[in-house]
Amino acid sequence: MNTVIRKISDAGAIEQASDILRAGGLVAFPTETVYGLGGNALSRDAAQKIYSAKGRPSDNPLIVHIAELGDVYKLASDVPPKAELLMHAFWPGPMTLIFNKKLLVPPETTGGLDTVAIRMPSHPGALSLIKESGIYIAAPSANTSGRPSPTTAIHVANDLSSRIDMILDGGPVGIGIESTIVDMTGDTPAILRPGFITKKMLEEIIGHVDIDPAIIRPDPAARPKAPGMKYTHYAPKGDLTIVAHGEGSASDACDGAAYDIGEDAASHAGAKERVAARINEMIRDAEARGLKCAILTTAENKNLYTGGEIILLGDSASGPTVAARLYSALRTCDDIGADMILSESFSENEIGGAVMNRLMKAAGQQIIYV
Ligand code: TXA
Ligand code: MG
């Protein structure tokens, strides 16, 4: 299949993409979080095509993207008042809500579940596409299953060229990691995947929100509620380890324990240097064994390193820039053929919690404390 790539701002591009979607084809498009791989959410065939293009297990449900708030009531069988408060506060935007579904939504779209994930993206191109096509668009991240989510059209093309009908190129995305998922079907709303909309932001609107324990302490035997969280995700091909200062366990990554080396360095005198010394030592050993090594760091710290290929996640360890570059950096590790990748850890303030959640997953929870 020939994959057409067009700039989303080109005259007629959104109309062409809409025709493809209405005819049952697949179109990748930018959102404010990551690029999505869209198909008609109410078509069993389109959902199956999405799974096969991505090489994704068909029990991993898709998010349905809408452009009008009222569309929630057409897809969800009940919409609790707290969900309505969240919709008004954060839509359009990087938040996905889980509801009990109406029969209209086929089981192929929801991975066989009785619930449906719904999101109204804020990216103007994504909203235009949903409106112009006149359908609900089912869209997982537009990567091959297991690869980091795409934050540019080139990432999408590298993974899915010749497997989908069209890519709408809207340039690099703004946020860089996927939406916050909140399950609204239980007595207490629960975060299934952290993102740009934090627990604190949600709680300011609706009071207490739970976090799925599987996010805080990944347990291979546990069955996470968001089926996608059980698969290996975001993983670069090389072996990735996070090197952090202080003491802790993997669970601290989501608990807000301070082991950021960028922002809080003053209260942890010498922390950056200790982390860098350990990374330099590990790289020396690995390079002596002939391994290609990469370091994930920021401009602020890069001069502390004496070996390995430096891959920059931003100027300093502030959450938003690191989030925007994380997936692209993981792809760069693959492009340069890195065997061993060592990463600093980052502040868990605001979006930083979601950054550490993705980084810990990419590292298979491997973290060393120095
Ligand atoms: O930011 C985003 O959410 C992006 C853009 C394209 O909108 N989409 C995205 O989709 O990240 P995907 O398919 O890569 O991740 C969707 C996650 C998966 O972990 C899936 O298991 C979970 O949402 N999910 C979908 N429907 C669900 C449901 N009914 N119950 C629980 N989890 C669900
Ligand atoms: Mg994904």
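Above this text you will find the structure in question.
The structure presented is a predicted model; accordingly, all values stated were derived computationally and were not measured.

Colleague: Is there a simple way to explain the sheet that holds strand E3 (residues 36–40) in this structure?
Modeller: The strands making up a sheet associate through backbone hydrogen bonding, with each pair oriented either parallel or antiparallel. In spatial order, the strands read E1-E8-E2-E3-E7-E4-E6-E5-E9-E10-E11; together these eleven strands make up an open sheet with mixed pairing. Taken across any chain shown, the strands that pair with only one partner, and hence form the sheet edges, are strand E1 (4–7) and strand E11 (210–211). One ladder, built from two bridges, connects strand E10 (residues 190–193) with E11; its direction is parallel. Across the sheet, the residue bridging to Ala 190 is Asp 210, located in E11. The sheet strands contacting helix H1 (residues 13–22) are E1, strand E2 (27–29), E3, strand E7 (137–138) and strand E8 (166–169), and the helix crosses E8 at an angle near 150°.

Colleague: Any chance you could explain the pattern of salt bridges here in plain terms?
Modeller: Proximity of charged atoms lets side chains of opposite charge pair with each other. The tally for this structure, following the rule as stated, stands at ten salt bridges. We note a salt bridge from Asp 71 to Lys 74, for which the minimum N-O separation is 3.1 Å. On the basis of relative accessible area, Asp 71 is assigned to the buried category, the value being 11%. With relative accessibility at 46%, the residue Lys 74 sits in the partly exposed group. Where Arg 147 meets Asp 159, a salt bridge forms, and the shortest distance between an N and an O atom there is 3.3 Å. Of this pair, Arg 147 sits in the loop between E7 and helix H6 (153–160) while Asp 159 sits in helix H6, and the two are twelve residues apart along the sequence. On the basis of relative accessibility, which here comes to 18%, the residue Arg 147 falls in the buried class. Connected through shared salt-bridge partners, Arg 147, Asp 159, Arg 331 and Asp 334 make up one network.

What counts as what
- Residues numbered from 1 in each chain as written.
- Chains lettered and ligands numbered in written order.
- Predicted model: local features only at pLDDT ≥ 70, side-chain atom pairs only at ≥ 80, totals over all residues.
- Heavy atoms only, no water.
- Pairing = 2+ DSSP bridges.
- Helix = DSSP H or I, 4+ residues; strand = E, 2+ residues; numbered from the N terminus.
- Contact = heavy atoms within 4.5 Å.
- Axes fitted to C-alpha atoms, helices over the stretch in contact; angles between N-to-C directions.
- Salt bridge = Lys/Arg side-chain N within 4 Å of Asp/Glu carboxyl O.
- Buried < 20%, exposed > 50% of the residue type's maximum accessible area, 1.4 Å probe, protein only.

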